[in-house]
Amino acid sequence: MLNKDIISAAIILIISGIFWSEGSGLSEMGGFFPRIIIIVLALFSGIQLIQSLIKKNIEPAFAGVEAKRLIPMIIGVIAYVGAIILIGFALASLLFLAVFFKLLDNTKKVSPVKSVVIASLITAVFYGVFNYAFLVPLPVGIVFGG
Amino acid sequence: MKKIKVFASILSLLLIVGVFAGCAQNGEEGKDEFNYPTKTIKYVVPFNPGGQSDLEARRQQKPLEEKLGVNVVIENKPGGGGAVGWSELVRKDPDGYYLTGMNIPHIILQPLARENAGYETDQVNPVALFQGTPIGLAVQPDSPYNTLDEFIEAGKAKPGQITVGGSGTYSGHHITLMQLQDKTGAEFQYVPSQGAAPSVQSYLGGHVDALLANSNDLVQHQDKMKILAIGSKERFEPLPDVKTFMEQDIDMTASIDRGVAVPPETDKRIIEKLEKAFLEIAKDEEIRAQMKEEGFLPLAMGAEESKQYINEMKDKYSAILEKVQAESK
Amino acid sequence: MPADFIAALSNIAQPTNFLIMAIGVGFGIIVGALPGLTATMAMALLVPFTFTMDAVPALMGLGGIYVGAIYGGCIAAILVNTPGTPSAIATTFDGFPLTKKGKAEHALVTAAFSSAVGGVIGAVVLLLLSPPLASIALKFGPPEYFWLSIFGLTIIATLASGSMLKGLIGGGIGLLLSQIGIAPLGGEMRFTFGLYQLQAGLSLIVVLIGFFCIPEVLSMIEKKFSQHDSINYKPQKGVAKGIISDLIKKPILLLRSAVIGAFVGIVPGAGGNIAGLVSYNEAVRWSKKPKEFGKGNIDGVAASEAANNAEVGGSLVPLMTLGIPGAAPAAILLGALMLQGMRPGPELYINYGDITYTFLFSLIVANIVMGVMAFYGARHVAKLINLPVSYLAPMVVFMTVIGSYAIRNNIVDVIIMILFGLVGYVTKKAGFHPGPIVLGLILGPIAENGLVQSMLMGKSAGSMFEVFFTRPLSIILILLCLVSAGWPLISNLRNKTPDKEADANA
């Protein structure tokens with residue numbers, strides 16, 4: 001019964017509501033434009049909600065997706081950002097790259113040593129280029145006194 | 001399975017090496033005797049690359065490296081009109097290796113005007129002020145007003161009908177107009193733009209009647225405007241014919257001042273060392289000449305003097321803001 | 001003036017100057033290709049050197065970087081669906097589908113050729129037409145910006161592949177996201193939900209990387225044998241020749257795109273992203289086969305790239321003649337000019353004619369150098385796509401993290417990027433194209449500034465109607481909005497007749 005169009009329209013309606021209440025204290029000058037946007041957005045998503053309740057046969061959103069592959073990647077990406085904050089960019093990147101080079105490999109040809117070596121190389125090159133050529137100092141992490 | 005084990009152990013080995021390397025570095029810093037600076041100093045500019053604050057920091061970068069004997073890297077951390085950079089600054093370790101450019105009146109007005117700016121004015125620990133940008137008031141060349149008096153009179157006769165462009169809300173330009181209205185009783189319609197360049201553009205296109213602008217923009221566009229007054233204490237050298245507000249019996253100054261700050265509770269000796277380097281650069285004749293050429297006022301105020309100046313301005317501005325906010329209620 | 005021209009040409013021909021410019025172009029291409037690193041940032045890196053350099057090499061180097069970086073943005077757009085710079089947003093629409101078909105080289109050569117043509121046209125416009133165009137730029141006041149942004153929003157109709165309604169909702173979401181942070185007028189904190197970190201608002205580039213790139217990475221790996229593994233680039237002979245002769249046969253497409261780019265460029269505050277999107281929209285509108293766009297049509301890549309490189313020249317018009325930097329990279333050039341004691345304006349051409357014309361001519365040359373580099377690089381760059389997914393996917397994530405950090409040196413931006421990436425993946429699955437969302441995000445601040453400033457002007461003039469609806473340029477823009485919004489109806493009517501015949505025959 002619930003299809004992606006109903007769910008997405010409902011979520012956007014809820015978000016509109018949240019933004020409306022967050023912006024309730026805004027002055028006339030600062031609140032005028034956002035209020036117009038919220039009203040228009042709620043209107044369109046309302047139409048979508050009604051439309052999708054009438055219309056059937058909407059294909060499911062995640063057809064054919066393998067959760068086994070997707071979920072580790074999502075967790076990995078989130079953990080990667082957390083790791084950057086904790087142990088800094090260089091080490092976190094090395095870990096992330098090495099783990100996923102191995103994990104995503106279908107051919108089983110990539111040896112652990114190879115993935116670590118390649119990950120170290122990539123990290124080192126980019127770390128060097130950004131720190132010394134582009135002068136963008138990358139974060140060193142809380143553990144190492146960032 | 002075996003391969004995974006090998007893999008895991010290689011990774012953990014790397015981690016351990018990394019942690020040790022990190023600790024070793026930390027250990028060296030732990031020495032008590034005063035030896036500063038010994039490593040790269042980060043000089044954060046809380047504005048976009050290419051802005052005046054950024055250009056100023058980049059002008060100082062090489063001389064700073066020479067005077068301090070260590071590398072200085074510039075990092076742009078823009079956002080919220082500087083607030084993002086200053087919020088970060090006041091949360092940093094006070095070890096002297098993290099400096100941030102500071103702008104007055106931004107650091108005074110943001111905490112006053114915003115509920116949660118992320119920092120308080122007195123947390124921004126000044127080292128030096130090195131550049132002033134007096135704010136001036138200009139009208140269109142074909143405007144009927146030729147003097148500040150005429151302009152003020154018009155603002156009283158037709159309250160809110162004369163538009164004045166400027167950069168930002170609760171910014172240096174905005175507070176200047178509030179001050180002017182407060183001192184004279186005239187009333188203008190402020191039309192803020194996002195930044196100085198768009199406001200100058202809006203003025204040159206004739207979309208506003210008058211403009212509040214930084215001295216460098218006034219110098220650059222002086223042939224397309226009648227400048228009625230400027231916010232410096234004394235006559236501003238690059239615009240010798242323009243009278244100050246004070247000369248025209250309006251007791252106010254208006255300026256955006258650039259300096260540099262460190263986190264709260266930084267060691268006095270560190271501040272002294274940095275102050276010395278920044279003031280030497282600020283007093284360099286060649287740099288002073290460059291600044292004047294570009295339309296700025298070279299300053300050289302040390303830490304204590306800067307702190308006093310900030311407190312003075314804070315008292316002034318909070319009084320005006322309170323009054324304006326009380327009136328609007 | 002002829003004397004200045006000759007001086008300019010001999011300046012450019014000087015080996016050191018030429019070399020500095022060429023290095024600038026190459027450096028710019030690399031920086032532009034990396035998502036998150038912008039032309040502005042690359043030019044800022046050169047600034048400390050310009051304090052001590054002569055005016056001619058300094059300006060030529062900066063110009064080279066600017067030209068190179070705007071082109072470089074297309075590389076990431078074509079290969080991994082991530083605009084390297086915001087200017088390349090529209091390049092992703094057809095560039096990446098081409099890569100998926102194994103035609104990465106086709107897309108890259110198209111981009112190289114049309115960027116060079118667009119760039120040269122833009123630079124010629126800057127050289128010859130600056131003063132009259134600058135006076136048009138000045139006519140853009142708050143009401144005009146408001147109507148311009150409304151016109152921009154009508155592009156949603158083209159970008160919303162599939163459902164128009166979802167396109168409109170996406171646009172609304174983008175507009176709403178653009179409201180986070182300090183209000184441009186009034187100075188209030190909006191929609192920060194108590195987090196002071198959000199007062200900076202969302203960086204366009206950060207959201208761009210999140211919305212375009214992370215969903216693409218997740219789709220790459222979501223199936224064990226993804227379609228991405230079948231993406232294969234095999235170097236073929238004669239691709240480049242074929243593409244170029246194909247493009248030369250479409251002078252109107254290139255010319256129209258370049259003119260749109262240059263024109264959008266002269267309006268300060270409207271950048272290469274808007275230029276590319278508008279030009280793409282027009283390419284679809286005037287095409288005989290609009291349905292082919294978005295599925296890998298080289299015309300789409302050409303329209304976007306010709307426009308965004310023409311925008312470079314256009315964006316320097318208000319700088320050189322009025323001293324108003326219309327775009328962030330132009331602000332850096334202004335700084336460099338002032339540093340040399342050269343004040344932009346008519347006197348720039350009179351007092352410093354030789355240096356000024358050197359700079360203007362060097363932009364033309366830089367575009368040609370860029371075209372040559374890009375042309376010969378295309379084949380090698382296209383090979384990158386042959387990396388197996390197990391390497392490509394983690395590396396793309398790695399790049400997005402560096403890029404979103406580097407843009408403001410802020411870890412909060414990385415968190416926001418990942419968050420929007422995951423949201424973008426889900427919304428894409430729900431049938432929302434990222435195009436309208438990003439369009440809303442770009443146009444939101446322009447629309448609001450224009451709207452509220454106009455209302456303030458109206459308040460002091462005593463009439464809102466007068467401000468919004470009676471200014472000549474505004475009226476033109478309103479008409480454009482109406483035509484653009486009503487276009488689907490018009491083209492329906494146009495197509496009705498043949499359709500009926502077809503029906504009758506069937």
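Residues numbered from 1 in each chain as written. Chains lettered and ligands numbered in written order. Predicted model: local features only at pLDDT ≥ 70, side-chain atom pairs only at ≥ 80, totals over all residues. Heavy atoms only, no water.

(A) Quick peek at the overall build of chain B. When you go through chain B residue by residue, the secondary structure sums to 11 helices and 10 strands. Within chain B, the proportion of its 329 residues that are buried is 58%. Split by element, the accessible area of chain B, about 14,300 Å² in all, is 49% carbon and sulfur. (Helix = DSSP H or I, 4+ residues; strand = E, 2+ residues; numbered from the N terminus. Buried < 20%, exposed > 50% of the residue type's maximum accessible area, 1.4 Å probe, protein only. Areas by Shrake-Rupley, 256 points an atom, 1.4 Å probe, with all protein chains shown as cover.)

(B) Focus on unusual backbone geometry. A cis geometry characterises the amide bond from Tyr36(B) onward to Pro37(B), with omega recorded as -5 degrees. Within the secondary structure layout, Pro37(B) lies in the loop between α1 (2-29) and β1 (41-45). Backbone geometry at Glu265(B) places phi at a positive 65 degrees, although glycine is not the residue there. Under the relative-accessibility criterion, Glu265(B) is labelled exposed at 74%. Although it is not a glycine, Phe193(C) sits at a positive phi angle of roughly 50 degrees. Relative to the helices and strands, Phe193(C) is located in the loop between β2 (189-190) and α10 (204-221). Judged by relative accessible area, which is 37%, Phe193(C) ranks as partly exposed.

(C) Just the confidence of the model for chain B, in detail. Residue and element names in this part refer to chain B. Across chain B, the average pLDDT comes to 89, with 90% of residues at 70 or higher. Within chain B, the element-level pLDDT minimum falls on α1, averaging 53, and the maximum on strand β8 (residues 226-230), averaging 97. Taken together, the stretch residues 19-31 has pLDDT below 50 and engages in 5 contacts with residues farther than four places along the chain or on a different chain. (pLDDT = per-residue confidence, 0-100. Contact = heavy atoms within 4.5 Å.)

(D) Focus on the side chain of Ser315(C). Residues and elements named next belong to chain C. Of note, Ser315 is situated in helix α14 (residues 298-315). Judged by its relative accessible area of 1%, Ser315 falls in the buried class. Of the polar contacts made by the side chain of Ser315, one reaches the backbone oxygen of Val312; its length is 2.9 Å. In contact with Ser315, not counting residues within four places along its chain, are Tyr66, Gly265, Ile266, Gly326, Ala327 and Ala330. (Polar contact = N/O pair within 3.5 Å; in protein donor to acceptor, adjacent residues only side chain to side chain.)

(E) Local environment of the packing of aromatic side chains. By the definition in use, this model includes 32 aromatic pairs over all chains. A connected cluster of aromatic rings, assembled from ring pairs, spans Phe89(A), Phe126(A), Tyr127(A), Phe130(A), Phe134(A), Phe27(C) and Phe398(C). Lying over the aromatic face of Tyr97(B), Lys39(B) brings its terminal NZ or CZ to 4.9 Å of the ring centre. The ring of Phe49(C) has Lys62(B) sitting right over it, with the charged end atom 5.6 Å from the ring centre. (Phe/Tyr/Trp six-rings, centres within 6.5 Å; stacked < 30°, edge-to-face > 60°. Lys NZ or Arg CZ within 6 Å of the ring centre and 35° of its normal.)

(F) Representation of the pattern of salt bridges. All names here are of chain C. Overall, the coordinates contain 22 salt bridges over all chains when judged by the stated rule. For the salt bridge of Glu448 with Arg190, the shortest nitrogen-to-oxygen distance reads 2.8 Å. With Glu448 in helix α21 (residues 434-461) and Arg190 in strand β2, this residue pair connects regions lying 258 residues apart in the sequence. Of the two residues examined, Glu448 and Arg190, each falls in the buried class. Residues Glu216 and Lys428 are paired through a salt bridge, measuring 3.2 Å at the closest nitrogen-oxygen approach. With a gap of 212 residues between them, Glu216 in helix α10 and Lys428 in helix α20 (residues 411-429) connect regions that are remote in the sequence. A relative accessible area of 36% means that Lys428 is categorised as partly exposed. (Salt bridge = Lys/Arg side-chain N within 4 Å of Asp/Glu carboxyl O.)

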